[in-house]
Structure formats: C-alpha cells, structure tokens
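Chain by chain, the residues run as shown.
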Amino acid sequence: GAVVSQHPSRVICKSGTSVKIECRSLDFQATTMFWYRQFPKQSLMLMATSNEGSKATYEQGVEKDKFLINHASLTLSTLTVTSAHPEDSSFYICSATGRVNSPLHFGNGTRLTVT
Amino acid sequence: KQEVTQIPAALSVPEGENLVLNCSFTDSAIYNLQWFRQDPGKGLTSLLLIQSSQREQTSGRLNASLDKSSGRSTLYIAASQPGDSATYLCAVRLDSSGYSSASKIIFGSGTRLSIRP
C-alpha cells in the first residue's frame, strides 16, 4: 500500500530555534499534501494544504510566516516551524494524496517539544 | 460550513462483541468519506474509503456504510479484539472545489474505543 514517511518522529528544541519536518510519499506522486496539528486527546486541526509547485493555502488563524510550507516536488513537502516557542509544542502530522478520489495517507507524525 | 460529528466520544466493550461507530456530517456535498484508526502517539492508518457513489466498503472484520442523503456513515467492527483498541476517526472530503485534489478534508473528533479482554 501507499506509504508516507515523516521525519523526524521526535524533536526537542530550544525556544527561538527553527525546526524542519519532512513528509515524503514513497511510492506514489502526491499532488496534494496536508499538514495537521493535534493536541492531546483532540482531533486533527488542518493547518495548511499544499499543492506541488504552488504556494500553500493556510487555514484561518495559522501564521504563514511562522509555519513555512514548501512542496517542491511530487514526493516531498516540508514544514518549518520558525522561532519556535513552548506553545508550539504539539504533534504534527502530514498526509498526502494523489488524485481526488484516492485515499488520504498519513505519516506517523512528529512530536515537537520546545523547551 | 461542513461539520463532522462522531458519537460516542468513547466506548468500552468486552472482547468478542460486535460494535458500531457513528459519523455524521452536515453537508451532503462530499466527494468521499474515509475511516482511520489512530494509536496513541502515532499517525493515522487508513481503514476504508467510500466514494460518494458507493454505499459500503468491507475489509476483513470491518464494514463501513455511507448514506449521503442523511449525512451518516457507520463503521461496523465484528468480533472485536483487544488489538482493535484505538481512536477511530472519520473524515469527509468536500466536493466544493469540484475535481480539484486540493478540496478540503474535514475530520470528526474521533471515538476512543477500548476492548476489554
């Protein structure tokens, strides 16, 4: 089946630093990738939608200058949390899909802890 | 605005029971609906995908139904096992942007399922 690889799985960083999270589709071309944030015992909150080769579309309330998304190829999207603060600590999950009638496949998530 | 609701929020049943998880959505203009499973601290695993033209999908002990007109989907789990314990989420893909693959996917808040040995 389709596989989405997300790296790193865990990261601890100091306040003020930037962290990059990668999301790769391993065996299919991901025309669209989604980035989600999940707080404990809550559902996924969509942060942004990125299409290959174009700018990401951010959800209301998500700072595009803080959460930089790049989708440079059909197999890779990156989320960079810039100048991270403790309140950015969360579980970040990416997902990818090809055609509109294709399933959505998820990475295993990245646990970000900002100290 | 599309809203997706899952009831109950949590469910605990003894091993071996058949059970049904519910998902409802307010706008029937969906492209498809997908059920996922999430284990603690992990990503999501796709279980079943139902296109808007379909009424049900089956995989092993799982059966998902879709009634678009009433805005409902159910996930039926037969002969439940302790390994089925997880959070189950349903997600609808909106049809508002036609055939664009960038159409949004809206998640329910999930049902935390616990199967007692």
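Refer to the preceding data block for the structure.
Scope of this entry: the structure provided in the associated data block. (Residues numbered from 1 in each chain as written. Chains lettered and ligands numbered in written order. Predicted model: local features only at pLDDT ≥ 70, side-chain atom pairs only at ≥ 80, totals over all residues. Heavy atoms only, no water.)

### Concerning the overall build of chain A
To keep it simple, the criterion reads: Secondary structure elements are taken from DSSP: a helix is a run of H or I of four residues or more, a strand is a run of E of two residues or more, and numbering for both begins at the N terminus. Radius of gyration: over C-alpha atoms. The globule rule applied is 2.2 Å multiplied by the number of residues raised to the 0.38 power. Any pair of residues with heavy atoms lying within 4.5 Å of one another is described as a contacting pair. Using the Shrake-Rupley algorithm and a 1.4 Å probe, accessible areas are obtained, with residue cover drawn only from the displayed protein chains.
Of regular secondary structure, chain A possesses zero helices and 11 strands. In sequence order, the secondary structure elements of chain A are arranged as β-β-β-β-β-β-β-β-β-β-β. The C-alpha atoms of chain A give a radius of gyration of 13 Å, which matches the 13 Å a tight globule of 115 residues would have. Partitioning the contacts of chain A with sequence separation of at least 6, the portion at a separation of at least 24 is 54%. Only carbon and sulfur atoms are counted for the fraction: they give 50% of the accessible area of chain A, which is about 5600 Å².

### A closer look at the interface of chain B and chain A
Put simply, the test is: The term buried area means the drop in 1.4 Å probe accessible area that two parts suffer when joined, counted for both and summed. By convention in these notes, a salt bridge is any Lys or Arg side-chain nitrogen within 4 Å of a carboxyl oxygen on Asp or Glu. Gly counts as polar in this scheme, as do all residues outside two lists: the nonpolar Ala, Val, Leu, Ile, Met, Phe, Trp, Tyr, Cys and Pro, and the charged Asp, Glu, Lys and Arg.
At the junction of the two partners, chain B supplies 24 residues and chain A supplies 24 residues. Of the roughly 1800 Å² buried between chain B and chain A on both sides combined, carbon and sulfur atoms contribute 58%. The tally of links between chain B and chain A comes to zero salt bridges. It is strand E4 (residues 30-38) of chain B that provides the largest number of residues to the side of chain B that touches chain A, a total of five residues. Within the side of chain B that touches chain A, the residues separate by chemical class into nine nonpolar, 12 polar and three charged.

### Here we look at the pairing of strand E8 (residues 72-77) of chain B
Residues and elements named next belong to chain B. Filter applied, for reference: Only protein chains enter the accessibility calculation, which uses a 1.4 Å probe; a residue is then buried when its area is under 20% of its type maximum, exposed when over 50%, and partly exposed in between. Two strands qualify as a pair provided that DSSP identifies no fewer than 2 bridges between them.
Across the two faces of E8 the burial differs, with Ser-73, Leu-75 and Ile-77 buried and Arg-72, Thr-74 and Tyr-76 not buried at all. Note that strand E3 (residues 19-25) and E8 share six bridges and pair antiparallel. Bridge pairing links Leu-19 to Ile-77 in E8. Linking two consecutive strands that pair antiparallel, namely strand E7 (residues 62-67) and E8, is a turn of four residues; a positive phi of about 70 degrees is found at Gly-71 within it.

### Some words on the pairing of strand E2 (residues 10-13) of chain A
Residues and elements named next belong to chain A. Because side chains alternate across E2, one face comprises the buried residues Val-11 and Cys-13, and the other comprises Arg-10 and Ile-12, none of which is buried. Note that E2 and strand E11 (residues 110-114) share four bridges and pair parallel. Bridging from a neighbouring strand, Ile-12 pairs with Thr-113 of E11.

### Some details on unusual backbone geometry
Cis geometry marks the peptide bond from His7(A) to Pro8(A); its omega dihedral reads 0 degrees. Locating Pro8(A) in the fold gives a position in the loop between strand E1 (4-7) and E2. The step from Ile7(B) to Pro8(B) runs through a cis peptide bond, and the omega angle for that step is 0 degrees. Here Pro8(B) shows up in the loop between strand E1 (4-7) and strand E2 (10-14). Positive phi, normally seen in glycine, also occurs at Ser83(A), with a value near 45 degrees. Inspection of the secondary structure puts Ser83(A) in the loop between strand E8 (76-81) and strand E9 (90-97). One non-glycine residue with positive phi stands out, namely Ala79(B), at about 45 degrees. Relative to the assigned elements, Ala79(B) resides in the loop between E8 and strand E9 (86-94). Look at Ala79(B) and you get partly exposed, because its relative accessible area is 37%.

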